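Here's the letter readout for the chains.
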Amino acid sequence: THLLVHKISHFFTVYIDILLVVGLLLFNFTPLWKNIFSDAFNNYKTGNSSLELSIYYQLPFDYKHNIYWYLVMFTFDWYMSILCSFCFCYIDLLISLMVFHIWGHMRILINDMETFRRPSNKVTIDVNIQDEFFSDDEGQLVARDMANIVQQHNKITKYFRFSARLISTFGPILLIYYLFHFVSGCVLLLVCFQKNAEAIMLYGPLTFVVFQQIIQISIVFELLATVSDQYSNAVYSLPWECMKVGDKKKVFIMLINSQRPLPVKAMNIVNVGVQTMAAILKTSVSYFIMLNTFAEK
């Protein structure tokens, strides 16, 4: 499992890097391509056309008809887009890698519990009744294995609490992240469905990236909810009925702890997961349909 986690982390990091580069190129080269295609670099002095940028600002100088200020703002746009892209993408990457490692440790622990040793002999309680109990020698091995499982569980819990505290520092960011995707998704859908090929070409890739980001981070956090349910079942699958009283108490404590959900909340308000993602996408589409209806009227 640890090799799987390393591979997932590696490919996910490469995927984020590719997404970052492609997004930057699409965002900044699209207006540059429009300027070249419309011959704006030759006609901006006449006032018949203006130079386009990826981000527009209200400034005291005219950068749409002045090549010097255009180059200054073009460079500044690159700087701002790189800065924002790195913040968004690598915060997502950091949180996702922590989730992957928690998921991997939980999978190892679940496998250890699902493959836990069983009693080798059956004990006859009555003439027609046989039951399974660990012998004294097996009891020592069971105590050792249970100690290892408890130790591993404590490490995961400690790591998860640290990660949860670290992720909780990004709670406001996650909440703003969801609000941003809700608003931007609605606006981008409205822009893309203007029945204009140019609008689709300009904003189609951006719309895809925005929706892909919220789906990506939600699916990553959904791994915690999935492995949490599997962990509860794995604890109960331990042969606790065959153990001694001390080991049964350990299993009982682990079973109680397994009832605590692992999913993370943004500022303890909104669950970060697939259900929240689906609600945001559904609401964005609903508002888009409403705004599109008003626009047609």
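In this text the structure is predicted, and so the values were computed from the model without any measurement. (Residues numbered from 1 in each chain as written. Predicted model: local features only at pLDDT ≥ 70, side-chain atom pairs only at ≥ 80, totals over all residues. Heavy atoms only, no water.)

(A) Just the overall build of the protein, in detail. When helices and strands are counted, the protein shows 8 helices and 4 strands. Overall, the protein shows an N-to-C arrangement of helices and strands of α-α-α-β-β-α-α-α-α-β-β-α. When burial is assessed residue by residue, the protein has 37% of its 297 residues classed as buried. As displayed, the protein offers around 17,700 Å² of accessible surface, 65% of which is attributable to carbon and sulfur atoms. (Helix = DSSP H or I, 4+ residues; strand = E, 2+ residues; numbered from the N terminus. Buried < 20%, exposed > 50% of the residue type's maximum accessible area, 1.4 Å probe, protein only. Areas by Shrake-Rupley, 256 points an atom, 1.4 Å probe, with all protein chains shown as cover.)

(B) Structural context of helix α7 (residues 245-257). With 13 residues, α7 should reach 18 Å at 1.5 Å per residue; the first-to-last C-alpha distance of 19 Å fits that figure. Among the residues of α7, those classed as buried are Asp 247, Val 251 and Met 254. Projected onto a plane normal to the axis of α7, the buried residues spread over an arc of 60 degrees and lie on a single side. Turned more than 90 degrees off the buried face of α7, the exposed positions are Val 245, Lys 249 and Phe 252. (Expected span 1.5 Å × (residues − 1). Arc of directions from axis to C-beta.)

(C) Region of interest: the packing of aromatic side chains. Summed over the entire model, instances satisfying the criterion amount to 10 aromatic pairs. On the numbers, 5.3 Å between centres and 85 degrees between planes, the contact of Phe 12 with Phe 100 is edge-to-face. With Phe 12 in helix α1 (residues 2-37) and Phe 100 in helix α3 (residues 67-114), this pair connects stretches of sequence that are 88 residues apart. Of the residues examined, Phe 100 reaches a relative accessible area of 6% and is grouped as buried. For the pair Phe 74 and Trp 78, a centre-to-centre distance of 6.5 Å together with 75 degrees between the ring planes defines the contact as edge-to-face. Within this pair, Phe 74 and its partner Trp 78 are both found in helix α3, separated by 4 residues, close to a single helical turn. We note that Phe 74, like Trp 78, is buried. (Phe/Tyr/Trp six-rings, centres within 6.5 Å; stacked < 30°, edge-to-face > 60°.)

(D) Fine view of the packing of α1 against α3. Remark: α1 packs on α3, axes separated minimally by 9 Å, with the N-to-C direction vectors making an angle of 160 degrees. On the basis of the axis angle, α1 is roughly antiparallel to α3. Here the hand of the crossing between α1 and α3 comes out right-handed. Looking at the contact of α1 with α3 residue by residue, the class counts come to 23 nonpolar, 10 polar and 2 charged. (Axes fitted to C-alpha atoms, helices over the stretch in contact; angles between N-to-C directions. Parallel < 35°, antiparallel > 145°, perpendicular 65-115°, else oblique. Left-handed = near helix turned anticlockwise from the far one by under 90°. Nonpolar A, V, L, I, M, F, W, Y, C, P; charged D, E, K, R; others polar.)

(E) View of the UniProt feature "transmembrane region" (unreviewed entry) in the protein. Using the residue numbers shown here, the UniProt feature "transmembrane region" (unreviewed entry) corresponds to residues 12-33, 78-103, 162-180 and 200-224. The distance from the first to the last C-alpha atom of residues 12-33 is 30 Å, and the span holds 100% helix and 0% strand. Counting secondary structure, residues 78-103 comes out at 100% helix and 0% strand; the distance between its end C-alpha atoms is 36 Å. (UniProt positions renumbered as here; feature names shortened; annotations may be inferred.)

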